[in-house]
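The primary structure of each chain is shown beneath.
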Amino acid sequence: SDEVAQYALTLGDDALILAQRMSHWISRAPELEEDVALGNIALDVLGHARSFLTYAGLAWDKTEDDLAYWREEEEFTSLWIVEQPNGHFGVTIIRQLIVSIFQNLLYKQLTQSKDETLAAISAKAVKEVDYHRDHAIQWTIRLGQGTEESAAKMRHALEILWPYVDEMFRDEAVHQNLQDIAVLPSALRAAWEEEITAVLADAGLEIPATGQAMAYGRRGEHSEHLGYLLAEMQVLARKHPGASW
Amino acid sequence: SDEVAQYALTLGDDALILAQRMSHWISRAPELEEDVALGNIALDVLGHARSFLTYAGLAWDKTEDDLAYWREEEEFTSLWIVEQPNGHFGVTIIRQLIVSIFQNLLYKQLTQSKDETLAAISAKAVKEVDYHRDHAIQWTIRLGQGTEESAAKMRHALEILWPYVDEMFRDEAVHQNLQDIAVLPSALRAAWEEEITAVLADAGLEIPATGQAMAYGRRGEHSEHLGYLLAEMQVLARKHPGASW
Amino acid sequence: EQSLARFDALIDQDSRVEPRDWMPEKYRKTLSRQISQHAHSEIIGMQPEANWITRAPSLKRKSILMAKVQDEAGHGLYLYSAAETLGTTRDEYNEQLLSGKAKYSSIFNYPARTWADMGAIGWLVDGAAIANQVPLCRASYGPYGRAMVRVCKEESFHQRQGFEILLSLSRGTDAQKKMAQDAINRFYEPSLMMFGPPDDQSPNSQQSMAWKIKRFSNDELRQRFVGMIAEQVKVLGLTLPDPELHFDEEKKQWIHKDLNWDEFMAVIKGNGPANAQRLERRREAHREGAWVREAAAAYAAKQAQSEVA
Amino acid sequence: EQSLARFDALIDQDSRVEPRDWMPEKYRKTLSRQISQHAHSEIIGMQPEANWITRAPSLKRKSILMAKVQDEAGHGLYLYSAAETLGTTRDEYNEQLLSGKAKYSSIFNYPARTWADMGAIGWLVDGAAIANQVPLCRASYGPYGRAMVRVCKEESFHQRQGFEILLSLSRGTDAQKKMAQDAINRFYEPSLMMFGPPDDQSPNSQQSMAWKIKRFSNDELRQRFVGMIAEQVKVLGLTLPDPELHFDEEKKQWIHKDLNWDEFMAVIKGNGPANAQRLERRREAHREGAWVREAAAAYAAKQAQSEVA
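For the structure given in this document, a descriptive report is provided here. (Residues numbered from 1 in each chain as written. Chains lettered and ligands numbered in written order. Predicted model: local features only at pLDDT ≥ 70, side-chain atom pairs only at ≥ 80, totals over all residues. Heavy atoms only, no water.)

**Some points on the environment of K212 of chain D**
Residues and elements named next belong to chain D. Inspection of the secondary structure assignment puts K212 in the loop between α9 (205-210) and α10 (218-236). Between the C-alpha atom of K212 and that of A139, which follows or precedes it by 73 residues, the distance is 5.9 Å. Non-local contacts of K212, meaning those with residues more than four positions away in its chain, are made with I11, D12, D14, R138, A139 and S140. (Helix = DSSP H or I, 4+ residues; strand = E, 2+ residues; numbered from the N terminus. Contact = heavy atoms within 4.5 Å.)

Rendered as structure tokens:
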């Protein structure tokens, strides 16, 4: 149905934009092992994006590429947190920590969805996201406890990114209309907070006292970063309308 | 004539790409005075680009915007030095030092061109570029002599950018076919070297021992940086073909 | 006592208070806060517009936009100079901004999402700013008033340019028209709120008016502004997103819809869409420029020393 | 003397030399240089392709490209491991790369200008690499031979993917066809030069062949490769930029145009189009990752200490 497709689109968009951000690290990581690890994560997440977008597209007779390359900024439904720039390695790790704990809870729950396709995609995704989560946790602890410099950088990363936390948990019509199919983001918040608080404690870090941005990515109202990301992502495809690759 | 237009295009492209790079500094400079100064420089250089591109376009019945927004990467004729990323402030200053000394000599010479339009544009431009040159020289000296950190950063900037020096002085057909109209870049090299060597000496810096890149921007063969720059610069205009702004 | 009398007399006579003059501590503090907030607003206000410089859709528009954003840096500079005459340094003001202690105009915490926002910001945001600022050219504090004269001249130029951007869009393709209307929809209400809370909820305004820093109340200025844009929007062939807007002939005033003051307060408190981004960009520029400023200072010190020697 | 005899016997019998075995110092040095150069090539070779990951024109191609570039990081990792068995650490090898002392495959000093380069690099560059590497799977040094087995398996996969990119383009729009032909034009000659100078100008090859590190001469490998692509290009319906290319039935060999060895040498010396960019990117990643590696080391040290305690 159109509503299920809309929901799948939100999941696909988050994954697509995050994959695009993460893929930038390949050939730029602090060590070779991380080129591999971040590349793996990007690849996994791109895989999730493709599954969700392909599924969403079925309802509208569109391909994953139609949706990825031929929508305008205001048609994307991604969260602001995934749009945020990579920054230094610690910023990327904190973004991963915030998002992968969230996605892990979300996909786990979604395996129970009455929509079999969403459940099946999530069942595959949750295993991979579990690894992403572990990767982010290990690095958060390592950098939080590493040196004074690394701890300071992690505190800074938390301050930069924390304003985009509330948006993740906001229930929108797209969730509320799909009982037993979609997961209500608000229902994940307690578990998410418990988990991330514990990780931060292990890392010697704290939840920062920042404001919360009025972010409405689900409604197509995006941060100023998304336009640049899309310009780069779509430039080649758009130069060759109708071409196959 | 087509040949004069081709030549004007090379001048316009260098200025346009440089202006695009410089404009990125506005709101990001190390101090407010530099937001103003770098903004001024970007604005001047964009003005030169517009004059040269408008003139070039006359031969082909094209506007400055046709040329700026609707050519593909391989149709741009800019030098690699102007395509290089801004990097930190010192990298931008060294790029400015290299380019503005070059442009100052070039425009000075071009005021003698038999092509009256080129001479007139250059007469206006040379006064402005003289200020850009002075700005770059002052900062080179300040940062070269400032702290150990700033001197190290300036040495690094020189190493990154020096490989693109040879290309500036390579005579191409576009120059050789226009005797008394175009300036042969090779003819500027001695004066350029003398001047920049003196500035570097004042700054306690040296010409680095780097290789020279096989760079052929004049022939449409560009560094990997240009594609990204153009994608961003052209994205909005290209979404609205035929629109007026 | 004599000083205070002299100060009161200056104010009474509509004369200017100058830096060398004695002034009440609260007058100094009020001005210091107001002028520096104004300066901060110019600096932070560069960001939404800088967001479109590299993507401006024509070279002419790019050039105009660059000049405008650069002007704002200039306004910041001379407003900081005016504020410095009150005994606080630019570095201190900057520190207040970076630490989040100082405020700046809340409207810059909204993202500039499309090119049409360059028009809406020019027309509505600069328009509201001018309505606020023109009376400030007669502010009782001399350096502030004189700085405002320069600022206002350039701002009205900017406002016209913003209006022109919207005019071009409104006469353009359907997509352009839609873009223009969308930008107006997003900036209308925040621009009305730029004048501050309604008079009955604005306790500090009275004192500022008594000191002749402020010449008109928030609501008076808002009235003037909304009347102006209600006329101008007709030229654009677009609409303001306010079905209730009309001139009440009896009350002789413009009636507009209720403004969302909860959102206004939330944005001021740091919860606007772009607060975090705006402050971080400023901090980043400051952080990444540190080595440059240090080197410049070291060089200047060496030069000073060698001149002495 | 006994050690040398044993080493010679291992080579004679086509057996493997293992890290614990005695080996001539020159054999060790040759291998150490060759394997680490190979590892460096994988690492630097990520860059031209990484240049198109964020802009790949379909999600499928993006995914394949990401996997490929990531494989290259993996190849680098196990080649460094093989090289480390010769007594030099990965940090030392890395230092040689960053300082410009160590070489890597020169072809990566050409920019990847268009999407079609992803095809040409896969088909021609990986193709030439495989032609070079397949015989290395039988290299006399055990860890190297075993690493090459893994590398070759993945590389042939990559080559097929590159060919498929070109095939899609060649069956696509005119612009796509043109893009594909242009990429082949640019990568043809550099890929032929990947096998190194002609045999009569390659003095080190003899010793490497005697040691059974190398199994075929540069020219033999080049012959094999050029014959292969001469056939494959027909499937693409495109051409190789070499009008002289033909099989000489009498000499039983492929004749190709003279290659520009001056350019080859210039690129090796650091004057290629992208040498400076490639090295600086690597240095930048190293520089900006320093705090991360330091923190990881500090954390590991703390952990080790607390385990002891």
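Right, picking up where we left off after that structure.
**Focus: the interface of chain C and chain B**
Facing the 44 residues of chain C at the interface are 47 residues of chain B. Taken together, the links from chain C to chain B amount to one salt bridge. Our enumeration of links across chain C and chain B arrives at 16 residue pairs in polar contact (both at pLDDT 80 or more). Sorting the residues of the side of chain C that touches chain B by element identifies α3 (46-50), α4 (59-84), α7 (142-170), α8 (174-193), α12 (275-288) and α13 (290-308) of chain C as the ones contributing at least two each. It is α4 of chain C that provides the largest number of residues to the side of chain C that touches chain B, a total of 13 residues. Across the side of chain C that touches chain B, the residue classes tally to 25 nonpolar, nine polar and ten charged. (Salt bridge = Lys/Arg side-chain N within 4 Å of Asp/Glu carboxyl O. Polar contact = N/O pair within 3.5 Å; in protein donor to acceptor, adjacent residues only side chain to side chain. Nonpolar A, V, L, I, M, F, W, Y, C, P; charged D, E, K, R; others polar.)

**What about the nonpolar core?**
Y7, I98 and W192 of chain A together with Y27, W115, W123 and Y144 of chain D are the most contacted members of the largest nonpolar core, which totals 185 residues. What Y7 of chain A contacts, discounting residues up to four positions off in sequence, is L106, L110, L118, V174, H175, L178, I181, A182 and V183 of chain A. One finds Y55 and A213 of chain B together with Y144 and A183 of chain C within the second-largest nonpolar core, a separate group that totals 184 residues. (Core = buried A, V, L, I, M, F, W, Y, C linked by side-chain atoms within 4.5 Å. Buried < 20%, exposed > 50% of the residue type's maximum accessible area, 1.4 Å probe, protein only.)

**Concerning the state of the cysteines**
Residues and elements named next belong to chain C. Summed over the entire model, instances satisfying the criterion amount to zero disulfides over all chains. Its sulfur unpaired, C137 is 3.6 Å from the next cysteine sulfur, which belongs to C152. The class for C137 is buried, based on a relative accessible area of 16%. (Disulfide = S-S within 2.5 Å.)

**Focus: the interface of chain A and chain D**
Taken residue by residue, the interface counts 47 residues in chain A and 44 residues in chain D. Taken together, both faces of the contact between chain A and chain D bury some 4,000 Å²; the carbon and sulfur share is 66%. Taken as a group, S27, L32 and W245 of chain A account for 19% of the area that chain A buries against chain D, more than any other trio of residues on that side. Here chain A and chain D share one salt bridge between them. Ionic pairing is found between R90 of chain D and E33 of chain A, a salt bridge with its closest N-O pair at 2.7 Å. (Buried area = accessible area lost by both parts, 1.4 Å probe.)

**Here we look at unusual backbone geometry**
A positive phi angle, near 85 degrees, is found at S27 of chain B, a position not held by glycine. With respect to the helices and strands, S27 of chain B occurs in the loop between α1 (2-23) and α2 (32-60). Residue S27 of chain B is classed as buried on the basis of its relative accessible area, which comes to 1%. Its identity as a non-glycine residue notwithstanding, K252 of chain D has a phi of 55 degrees, on the positive side. Mapped onto the elements, K252 of chain D comes out in the loop between β1 (246-248) and β2 (253-255). Judged by its relative accessible area of 58%, K252 of chain D falls in the exposed class.

**Concerning the packing of helix α2 (residues 32-60) of chain A against helix α6 (residues 116-145) of chain A**
Residue and element names in this part refer to chain A. Interhelical geometry of α2 versus α6 gives an angle of 155 degrees and a closest axis separation of 10 Å. Considering their axes alone, α2 and α6 lie roughly antiparallel with respect to each other. Between α2 and α6 lies a crossing whose hand is left-handed. Along its contact with α2, which presents E34, A37, L38, I41, D44, V45, H48, S51, F52 and Y55, the element α6 presents T117, L118, I121, S122, A125, E128, V129, Y131, H132, H135 and W139. Here the residues of the contact of α2 with α6 are counted per class, giving twelve nonpolar, six polar and three charged. (Axes fitted to C-alpha atoms, helices over the stretch in contact; angles between N-to-C directions. Parallel < 35°, antiparallel > 145°, perpendicular 65-115°, else oblique. Left-handed = near helix turned anticlockwise from the far one by under 90°.)

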